[in-house]
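# Understanding the architecture of this molecule
This is what each chain is made of:
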Amino acid sequence: MRKLTKLKHLYVEDSLRLKSKGIGRLTSLQKLDVFHLNGYKGADNEGTLKLQDLKNLNQLEGSLSIAHLESVEDASEGVKACLSEKHLLHLELDFVCRKACDKWGREEGTGQNDREILNGLQPHGDLETLSIRHCQLATSPCPNWILSLRNLTNLELQIFRNCELLSGPFGRLPSLESLKFHRMEKVKKVGVEFLGIDERELQSSSSSSSSLILFPKLKSLQFEGMQMWEQWDGVGGDFQNNITIMPSLSLLRFFLCGELGTLPDFLRKTPLQTMIIGVMSTLRFRIKDKTSEEWAKISHVPDIRLSYDRRIELPDVAI
């Protein structure tokens, strides 16, 4: 492969055991679907890929998936990939193997280097879609460069099994239109830290004459597989007066969030059009009571669907 120096497109999704030694010399490469770290190890380690093999592939553009990040031994290696020099619009970062690999999932107690690895993989500022999977971070699941992505419209964080606190500057992302969380399995409570503000900012906003807008363009918000999640708090008291939250929200979906029983007050003021509650016992029961506080928060929503089917058709949300 190292001799194909003029090769522009390479697709290896179903060939993850391909011997790919020398891929770093394909400096004309513009399209690469999957970069699978350590996807093949022969007797002489031929084909073993490292993040630094991406360094000189600065013609890459469009979409890229990097898989098996848990195999990175040197946490500082992420910086060597130089992703910020590649005009990628869609990026997927997965810490485990893809479908052609023998291993699925991650062992408990691993992931000590996950944050440093993520922080080193800063992409180009024009990135529009970001997906991070199988990360072991317990708090602040966002990398430290997330706010540099001014054009980011879609963000998915999936299978963060150690995550206990859903904190991050999510509400500060100016172009974010779709946000999905999947299997943040240890989260029990979501509060103002999810909005991207802290108590100090709440205090200052209450006395300020200017209004703070959080999630200004968010249209779709989905939570799935968060079975320990019990409480979702918003912004209480007088702090709500100068803060606008999710003024463009159209779709809110829950699936397999069986313990969730409370919703934030700010939902009352959103233009929410569709709310889907699937396989959720506590909240389903409470909103069926039309005199309940939870019902009052969403009574303005014209389309409320209670379904046990994960495959329920989602409404079209222009993103």
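Treat the numbers as computed from the prediction; the structure is a model and nothing was measured.

### Side note on the side chain of threonine 270
Tracing the sequence through the fold places threonine 270 in the loop between strand E14 (251-255) and strand E15 (274-278). Residue threonine 270 is classed as buried on the basis of its relative accessible area of 4%. Within polar-contact distance, the side chain of threonine 270 engages the backbone oxygen of leucine 267 at 2.8 Å. Apart from residues no more than four positions distant in its own chain, threonine 270 is found in contact with Ile245, Met246, Leu249 and His300.

### A closer look at the pairing of strand E11 (residues 220-224)
Most of E11 is tucked away, with 5 of its 5 residues classed as buried. Bridge analysis of strand E8 (residues 178-182) against E11 gives 5 bridges, and the strand direction is parallel. Opposite histidine 182, over in E11, you have glutamate 224 as the bridge partner. Across 5 bridges, E11 lies against E14 in parallel orientation. Looking across to E14, one finds that serine 220 is bridged to leucine 251.

### Topic: the packing of aromatic side chains
The full count for this structure, using the stated rule, is 14 aromatic pairs. Centre to centre, the rings of phenylalanine 223 and phenylalanine 254 are 5.8 Å apart; their planes meet at 10 degrees, and the pair counts as stacked. You can see phenylalanine 223 sitting in strand E11 and its partner phenylalanine 254 sitting in strand E14, a full 31 residues away along the chain. Connected via pairs of aromatic rings, a cluster forms that spans Phe170, Phe181, Phe194, Phe215, Phe223, Trp229, Trp232, Phe254 and Phe266.

Analysis parameters
- Residues numbered from 1 in each chain as written.
- Predicted model: local features only at pLDDT ≥ 70, side-chain atom pairs only at ≥ 80, totals over all residues.
- Heavy atoms only, no water.
- Helix = DSSP H or I, 4+ residues; strand = E, 2+ residues; numbered from the N terminus.
- Buried < 20%, exposed > 50% of the residue type's maximum accessible area, 1.4 Å probe, protein only.
- Polar contact = N/O pair within 3.5 Å; in protein donor to acceptor, adjacent residues only side chain to side chain.
- Contact = heavy atoms within 4.5 Å.
- Pairing = 2+ DSSP bridges.
- Phe/Tyr/Trp six-rings, centres within 6.5 Å; stacked < 30°, edge-to-face > 60°.

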